[in-house]
Every structure is written in structure tokens, then in C-alpha cells.
Amino acid sequence: MEKDTEMLPLMCTCMQPPPEGTFVVEQDYFLEQEMGGVRVLDETGHVVQLSDEVFQACFNECADPLYPVTTDIPILRDETVYTLYLILEQGACELEAIRAYAKLRNVNYVQAKRALKEGHNLLVAGTAFDMREWLHQLASFQVQYEIQPPYPYEF
């Protein structure tokens, strides 16, 4: 083991102490990957050389401490307001449409029937994330609907 105060470029979390060095479970440690192994800075400030197999058995969650691992979720960044419409056949207010409207608008069936007109009926409007939840709820009903602008995400 060599003494090294230089910060190594990556970080990992100890899940079980390896046979060499001084490590504490659930603590983060700096590391550097090399051909055939990994160098990890232990609690005492010494660099411990570990084989890839030992390292993978004892550590996880490697990341660059200056650039933490983040998950980019486009639906959470989307600020577009989407509008969901129920589409009815001419001259008929379908039972499934009444049920769907009542569920998503949180009204009773009588109120839903009164609110529904022929053609396009505004159901809800909101963010892409909200729309995904409403589409999950709407999937249990056999109704026609339209989203404006077109919804680019799977639900």
C-alpha cells in the first residue's frame, strides 16, 4: 500500500470491506480504474490495489464526484401545456365517455353527462407528467380521445 493524498478521479460506495485496506460499509471512497484492477483510497489515506473481481464484489455506485450521475427525464422538463379531449360520436353521449369524464374530472355521472356535448369535449389540461397519469386512468375506458399538441411520450 502506498500513502497518497492526491484525490483520485471517481467515487464508489463500499458495500462490504475488501480483504485489504481499511474501509467502512456505506462510506464513499475515491478510486482510479487501471488495467487489471482498481486503486481505492481507504480510510487511512492509503491507496489499495484491488482486482476487478474483488472491487466489484465489495463496491458499487461509481461516479465522478465533480459530475454526479443524474438521470435526465425529458417528461419532467417539458413545460408544454397539453390538452386532453374526449371525442363523442354525433348525437350520442356514450356511457363509457360519461364514466371516463366523471373519473378524471372527479364529478358524478349526472354532472358528467350534462358537461359532455357532441364532438370534442375538454377533459383536462396540464403538464406532460400530469398527462401521463391521466392517460393511465383513461386507458381503462373504451373511449376516443385526442391530445393537443400531440403527446410525444409513451404512457
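In short, a report on the structure.

Relative to the elements of secondary structure, R105 occurs in helix α3 (residues 95-105). Looking at R105, the relative accessible area reads 39%, which means it is partly exposed. For the pair formed by R105 and L123, sequence separation is 18 residues and the distance between their alpha carbons is 7.1 Å. Excluding its chain neighbours within four sequence positions, the residues that come into contact with R105 are L122, L123 and V124.

Let us now look at the nonpolar core. Core analysis: the largest hydrophobic core is formed by 24 residues, its most contacted members being L84, L86, L123, M131, L138 and Y151. Put simply, the parts of the chain that give this core at least two residues each are β7 (82-88), α3, β8 (119-126) and α5 (128-138). The element best represented in this core is α3, accounting for six residues. When residues no more than four places from it in sequence are discounted, the contact partners of L84 are L104, N121, L122, L123, V124, M131, W134, L135, L138, Y145, E146 and I147.

It is at 10 Å that the axes of α3 and α5 come closest, and there the two elements cross at 145°. Crossing handedness for the pair α3 and α5: right-handed. Here A100, K103 and L104 of α3 lie close against α5, whose contacting residues are W134, Q137 and L138. When the residues that make up the contact of α3 with α5 are grouped by side-chain class, the tally is four nonpolar, one polar and one charged.

Reading guide: rules and limits
- Residues numbered from 1 in each chain as written.
- Predicted model: local features only at pLDDT ≥ 70, side-chain atom pairs only at ≥ 80, totals over all residues.
- Heavy atoms only, no water.
- Helix = DSSP H or I, 4+ residues; strand = E, 2+ residues; numbered from the N terminus.
- Buried < 20%, exposed > 50% of the residue type's maximum accessible area, 1.4 Å probe, protein only.
- Contact = heavy atoms within 4.5 Å.
- Core = buried A, V, L, I, M, F, W, Y, C linked by side-chain atoms within 4.5 Å.
- Axes fitted to C-alpha atoms, helices over the stretch in contact; angles between N-to-C directions.
- Left-handed = near helix turned anticlockwise from the far one by under 90°.
- Nonpolar A, V, L, I, M, F, W, Y, C, P; charged D, E, K, R; others polar.

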